[in-house]
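Working through the structure, step by step
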Amino acid sequence: MQKIFLYSSNYSPALQRMHRYLSGLSLKLQIILLPPGSPFSSPASLELRSNDLLILVAENDQEVEVLLRNRIDYEEFRIILILAQQAAVTSNRYMLLSPRLVAYLDHDLPRVAEYLSNICRIQTVTRQVPHLLRTSFNSKGNLTKRPH
Amino acid sequence: MAHILIVDDNTMLCELLSSQLRSADHTVLSALTLQEALQLAQQESFDLILLDVQLPDGNGLDAFQQFAQTSSRPEIIIMTGSGDAEGAKKAIQSGAWSYLEKPNILQNLVSPLTRALEYREEKKRIEQAPVALKREGIIGSSPVINSSLDQVACAAAGGANVLITGETGTGKEVFARAIHENSHRGTKAFVVVDCASLPENLIESTLFGHVKGAFTGADRSATGLIKLADGGTLFLDEVGELPERIQKTFLRVLQERSFRPLGSTREEQSNFRLLAATNRDLSQKVKDGSFRPDLLYRLRSLSLHLPPLRERKEDIRPLCRHFLVRLCERTQVSSKEISDEFFETLMDYEWPGNVRELQQTLEQVFANAIHHPTLFAYHLPAHIRVCTAMQGLTHEEPPPPATAPVSSLHQGRPTDWKSFKAEQERQYLQQVFTYTRGNIKESCRISGLSRARIYQLINLHNLSTQQKVAF
Ligand SMILES: Nc1ncnc2c1ncn2[C@@H]1O[C@H](COP(=O)(O)OP(=O)(O)OP(=O)(O)O)[C@@H](O)[C@H]1O
Ligand SMILES: [Mg+2]
């Protein structure tokens, strides 16, 4: 099960919507919601490991700035940044968070699903190794049948 | 002003080119044969060589590497009499700046010449750069890390592309950030392109952006990462995984410094600095035909190789303290003591997953020992403690045969050597799979074992899915 962590500086409608969206995906994900406003204050944060996937949600420029203030705390994680809507975020400063994927909540979520399902696929495939000894993997870890 | 060598058997062309280049303040020598040219290249320090292909005593392309490797490492532009696609490809793949046809050489030379010389100037500046570095977040003072930091300082002072290599978890991204932060682009974005995790169909639109209607589902336009990196740094993480089709498009971006969003007819500009990282052997991938040699050549203007943690074990102690302090601060837990035997145990282990594995181990230890004021070796995972136990064994007589389970090393009678070894192998594999979360590709990379061998061992030790992905 792939763990992903979800965080925003506020318990905003955007965060709630993202949480619902992730929970609705038919992927093998364990979604861990970190307490809005203080990500490291709950026992859930003890499950965070360097290189884990961390989804940050920001409703607007102000929330981006709040995230930026603590960006050093997020550096060791792989960040996916979800912005509420294109209109609410006017500057590109969110790129200072060095996200691996940026998506807009109002129209872009299928890309997030694709990204996550790719990550899960890489993992799921390799997890089932014993059944797949007659198959091989391409360079991205995807399963390909060997020609007979 | 550059020092230039023209290699061509056509005396008239040599004179024409020489006079044009001299009028642009360059110093110029010419040679009519390969032999003469090679001799000159060895005696003088050329910045640039204009090299003909068909020469009386051989083919210029065949001698390319000999010129490229002379002590001044000149930039090389190939000239030829007739269009020859194969020759052009070969020239560019060998690292030539450009491939020009002679009939139009006087007009077409200016742009590649200027770019090649600018690039060379940049390289020189880097080599002379003073070494003073912001290194927050980079811990360690082993000689190898200090020398890597010197290279970071040099790279940060210039603008050349840098390829960072090293095993998984050695800090490639951390060093890439340090180059960015110490460069004049440091306040701008450090844009990461995750070549390994982005699905192939997303990479293109993510990199280049797209216009509305460019493909099904593109109901608005979107800015790509290349544009978002304008003024800053573009970091191609795991560049070895970049699909071949995109390698080609990206090479063009590097050459032209412009790109076209999907579905757009307009070229756009972006002024970014390129850094790339990989834990793959890209030269091998070039040999296999899965990575473009010309792209590798462009990426590797400078290269930085990060040593594995086992070759700088003196860094373990400060790294460990650093991670622990961060964890305590982050979770607002009072600081913890670390016992000497804890460190000693860390030192006995080989850290196949390098700094990341050390960090994740501490995160795990911290979570388990959150209420303990001091960390002891027994807080560490068994596979790490076992190494210390094994070190003790190596100086002793071979153990007598026994049948007791090997995991009870501290509990009485040891087992026979063969079962002991088998158990170690099983534990090691479990540890690798836990670390990579069952990812075979990663496991091969970390362990250095082939895929076939890993499968063999999985069968041999009857490892179940559960065991492999146990978190
Ligand atoms: N010298 C260092 N000082 C402090 N932290 C470090 C150092 N080197 C690595 N780290 C930490 O170790 C972790 C792994 O580093 P990084 O992500 O840069 O490695 P990598 O070489 O890119 O790994 P991979 O090949 O798996 O992507 C990061 O969380 C980073 O903060
Ligand atoms: Mg990395």
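What you see is a predicted model; the values in this text were computed from it and never measured. (Residues numbered from 1 in each chain as written. Chains lettered and ligands numbered in written order. Predicted model: local features only at pLDDT ≥ 70, side-chain atom pairs only at ≥ 80, totals over all residues. Heavy atoms only, no water.)

Another aspect to go through is the confidence of the model for chain B. All names here are of chain B. Of the residues in chain B, 90% have a pLDDT of 70 or more, and the chain-wide mean is 85. Counted against residues more than four places away or in other chains, residues 395–411, with its pLDDT under 50, gives 23 contacts. For the stretch residues 464–471, pLDDT sits under 50, and the model shows 19 contacts to residues farther than four places along the chain or on other chains. Reported confidence for the predicted complex is 0.83 by ipTM and 0.68 by pTM. (pLDDT = per-residue confidence, 0-100. Contact = heavy atoms within 4.5 Å.)

In this section: the confidence of the model for chain A. Averaged over all residues, the pLDDT of chain A is 82; the fraction at 70 or higher stands at 82%. Taken as a whole, residues 126–148 of chain A scores under 50 in pLDDT and shows 56 contacts with residues more than four places along the chain or in a different chain.

In this section: the site of ligand 1. Neighbouring ligand 1 are 20 residues, the closest being T168(B), G169(B), K172(B), R356(B) and Q359(B). Looking at what sits near ligand 1, you find residues from chains A and B. T168(B) places a polar side-chain atom, nitrogen or oxygen, 2.6 Å from an oxygen atom of ligand 1. Burial of ligand 1 by the protein amounts to 92% of the accessible area it has alone, namely 630 Å². (Near = heavy atom within 4 Å. Polar contact = N/O pair within 3.5 Å; in protein donor to acceptor, adjacent residues only side chain to side chain. Areas by Shrake-Rupley, 256 points an atom, 1.4 Å probe, with all protein chains shown as cover.)

This part covers helix α7 (residues 143–157) of chain B. Residues and elements named next belong to chain B. In this model, α7 (15 residues) spans 21 Å end to end at C-alpha, consistent with the 21 Å of a helix rising 1.5 Å per residue. Inspection of α7 places I145, S148, L149, V152, A153, A155 and A156 among the buried residues, and these make up the whole buried set. Projected down its long axis, α7 carries its buried residues within an arc of 165°, all on one side. (Helix = DSSP H or I, 4+ residues; strand = E, 2+ residues; numbered from the N terminus. Expected span 1.5 Å × (residues − 1). Buried < 20%, exposed > 50% of the residue type's maximum accessible area, 1.4 Å probe, protein only. Arc of directions from axis to C-beta.)

Before going further, it helps to spend a moment on the packing of aromatic side chains. How two aromatic rings sit relative to each other is given by the distance of their centres and the angle of their planes. In this structure the tally under the stated criterion is four aromatic pairs over all chains. Consider the rings of F190(B) and F235(B), whose centres lie 5.4 Å apart with planes at 25°: the pair is stacked. Residue F190(B) is found in strand β9 (residues 190–194), and its partner F235(B) is found in strand β12 (residues 233–237); the two are separated by 45 residues along the sequence. Taking relative accessible area as the criterion, F190(B) reaches 3% and is therefore assigned buried. Summarising the aromatic geometry, the rings of Y349(B) and W351(B) are spaced 4.6 Å apart at their centres and angled 90° between planes, so their arrangement reads as edge-to-face. The two residues Y349(B) and W351(B) agree in class, both being buried. If you follow R257(B) out to its NZ or CZ, it ends over the ring of F272(B), 4.8 Å from the centre. Lying across the ring of F40(A), R330(B) places its NZ or CZ 4.4 Å from the centre. (Phe/Tyr/Trp six-rings, centres within 6.5 Å; stacked < 30°, edge-to-face > 60°. Lys NZ or Arg CZ within 6 Å of the ring centre and 35° of its normal.)

All names here are of chain A. Pairing is parallel across the open sheet formed by five strands, whose spatial order is β2-β1-β3-β4-β5. In this open sheet, the two strands that pair with only one neighbour each are β2 (29–33) and β5 (101–104). Strand-to-strand, the axes of this sheet are offset by a mean angle of 25°, without reference to chain direction. Sheet topology note: the strand β4 (residues 78–83)/β5 ladder contains four bridges and is parallel. Its bridge partner being in β5, I82 is matched across the sheet by A103. Helix-sheet contacts for helix α2 (residues 61–69) involve β1 (2–8), β3 (53–58) and β4, and the interaxial angle to β3 is about 140°. (Pairing = 2+ DSSP bridges. Axes fitted to C-alpha atoms, helices over the stretch in contact; angles between N-to-C directions.)

On to the pattern of salt bridges, then. This model, assessed by the stated rule, comprises 26 salt bridges over all chains. With a closest N to O distance of 3.6 Å, R220(B) and D106(A) form a salt bridge. Of the two residues, R220(B) is situated in the loop between β10 (209–210) and β11 (222–223) and D106(A) in the loop between β5 and α4 (109–127); the pairing between them involves two chains. Overall, D106(A) belongs to the partly exposed group, its relative accessible area being 33%. The shortest N-O distance in the salt bridge between D8(B) and K102(B) comes to 3.0 Å. Here D8(B) is found in the loop between β1 (3–7) and α1 (11–23), whereas its partner K102(B) is found in the loop between β7 (98–101) and α5 (105–108), with 94 residues between them in sequence. K102(B) shares its class with D8(B); the two are buried. The network of salt bridges with common partners includes E75(A), R100(A), E173(B), R177(B), D194(B) and D237(B). (Salt bridge = Lys/Arg side-chain N within 4 Å of Asp/Glu carboxyl O.)

Facing 43 residues of chain A, the contacting portion of chain B comprises 52 residues. Approximately 4,200 Å² of surface area, both sides summed, lies buried where chain A meets chain B, with 50% of it carried by carbon and sulfur atoms. Counting every contact that joins chain A to chain B gives seven salt bridges. Linking chain A with chain B are 16 residue pairs in polar contact (both at pLDDT 80 or more). Mapped onto the side of chain A that touches chain B, the elements with two or more residues apiece are α3 (71–74) and α4 of chain A. Looking at the side of chain A that touches chain B residue by residue, the class counts come to 18 nonpolar, 13 polar and twelve charged. (Buried area = accessible area lost by both parts, 1.4 Å probe. Nonpolar A, V, L, I, M, F, W, Y, C, P; charged D, E, K, R; others polar.)

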